[in-house]
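The chain contents come next:
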Amino acid sequence: CTSTAGSSSGNCSAPFPGETVVTLTPTVTSGSFVGWSGACVGSGNCQVAMDQARNVTATFQLGNQTLAVTADGNGSGVVRSSLEGINCVSTAGTLSGPCVAAYPQGTMITLTADATVGAFTGWSGACSGMASCTLALTQVRNVGATFVVANRQLATELTGTGSGSVTST
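Report follows, based on the coordinates. It should be emphasised that the depicted structure is a prediction, and the values quoted were computed from it without experimental measurement. (Residues numbered from 1 in each chain as written. Predicted model: local features only at pLDDT ≥ 70, side-chain atom pairs only at ≥ 80, totals over all residues. Heavy atoms only, no water.)

1. Here we look at the pairing of strand 7 (residues 64–72)
Going by this rule: At least two DSSP bridges between two strands are needed for those strands to be called paired. Under the scheme used here, helices are H or I runs from DSSP no shorter than 4 residues and strands are E runs no shorter than 2 residues, and both carry numbers assigned from the N terminus.
With five bridges connecting them, strand 7 and strand 11 (residues 100–104) associate as antiparallel partners. Note on strand 11: the bridge partner recorded for Ala-68 is Val-100. Bridge analysis of strand 7 against strand 15 (residues 141–148) gives six bridges, and the strand direction is parallel. Counted as the bridge partner of Thr-70 is Gly-144 from strand 15.

2. Let's talk about the pattern of salt bridges
For the record, the criterion: Here a salt bridge means any side-chain nitrogen of Lys or Arg lying within 4 Å of a carboxyl oxygen belonging to Asp or Glu. Only protein chains enter the accessibility calculation, which uses a 1.4 Å probe; a residue is then buried when its area is under 20% of its type maximum, exposed when over 50%, and partly exposed in between.
Applying the stated criterion to the full structure yields two salt bridges. Measuring nitrogen to oxygen at the nearest pair gives 2.6 Å for the salt bridge that ties Arg-54 to Asp-51. Residue Asp-114 pairs with Arg-80 through a salt bridge whose shortest N-O separation is 3.4 Å. Pair noted here: Asp-114 is in strand 12 (residues 108–117) and Arg-80 is in strand 8 (residues 76–81), with a separation of 34 residues, a long-range link. Using a relative accessible area of 41% as the deciding quantity, one classes Asp-114 as partly exposed.

3. Here's the deal with the side chain of Thr-107
Basically, it comes down to this: Contacts described as polar in this section are N or O atom pairs within 3.5 Å, which, within protein, must combine one atom able to donate a hydrogen with one able to accept it, while residues neighboring in sequence count only if both atoms come from side chains. Contact between two residues is taken to exist if any of their heavy atoms lie within 4.5 Å; hydrogens are not considered.
Looking at the element boundaries, Thr-107 is found in the loop between strand 11 and strand 12. A polar contact is formed between the side chain of Thr-107 and the backbone oxygen of Pro-104, at a distance of 2.6 Å. For Thr-107, the residues in contact, after removing those within four places along its chain, are Leu-83, Leu-135, Ala-136 and Leu-137.

4. Describing the nonpolar core
What counts, and what does not: As used here, the term nonpolar core means buried Ala, Val, Leu, Ile, Met, Phe, Trp, Tyr and Cys residues forming a set that is joined through side-chain atoms within 4.5 Å.
Leu-67, Val-79, Ile-86, Leu-111, Trp-123 and Val-143 are the most contacted members of the largest nonpolar core, which totals 20 residues. Mapped by element, the contributors of at least two residues to this core are strand 7, strand 11, strand 12, strand 13 (119–125), strand 14 (133–136) and strand 15. When sequence neighbours within four positions are dropped, the list of residues in contact with Leu-67 reads Ile-86, Cys-99, Val-100, Ala-101, Tyr-103, Ile-109, Leu-111, Leu-135, Leu-137, Arg-141 and Val-143. Counting seven residues, the second-largest nonpolar core is a separate cluster that includes Phe-33, Cys-40, Cys-46 and Val-48.

5. Re unusual backbone geometry
Residue Glu-19 is not a glycine yet carries a positive backbone phi of 70°. Note that Glu-19 resides in the loop between strand 2 (7–9) and strand 3 (21–24). Of the residues examined, Glu-19 reaches a relative accessible area of 66% and is grouped as exposed.

6. Let's talk about the sheet that holds strand 7
Sheets are built from strands that pair by backbone hydrogen bonding, the pairs being arranged parallel or antiparallel. Put simply, the rule reads: What counts as an axis is a line fitted to C-alpha atoms, over the stretch in contact for a helix, and the angles between N-to-C directions run from 0 to 180 degrees.
Read from one edge to the other, the open sheet built from four strands follows the order 11-7-15-13, with strand pairing classed as mixed. Two strands lie at the open edges of the sheet, namely strand 11 and strand 13, each paired on one side alone. Each neighbouring strand pair of the sheet contributes to a mean axis angle of 25°, computed without reference to strand direction. Where strand 13 and strand 15 come together, six bridges link them in antiparallel fashion.

Following this line, the structure appears as structure tokens:
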């Protein structure tokens, strides 16, 4: 008997001789095995004494996948997720606020980046480009956001008849 996203297929019912003991073993292909209900309880193998008709339910559940946001650059900005969880503030590459969150496997998430100082210059890791980042959490995902303050040219002109120098800090 096979379960795919809550839909059963295959041979999920069979006759067994009375007074035999049938052992049921869960095999996880995606997510985790939560446990048994009905004629069995717990989360290990299930042993059913066939002294009467029995019903057993096996529950499988998809696990969570982690989404982590990092930031780079000398600018500042905020990365937010379309679902509650990520509201990551970058101040010159130093992060604060929730920058890591777990979501059910397969969840579609959209990240947006808004610069507060400088400009957002793009995604790295699981996303690329400048537009919002949309991805499916089919595995652990890491996404980087870069915020940059552009360099500005400062020109100094020296005039007069005296001598001297000008230095910057």
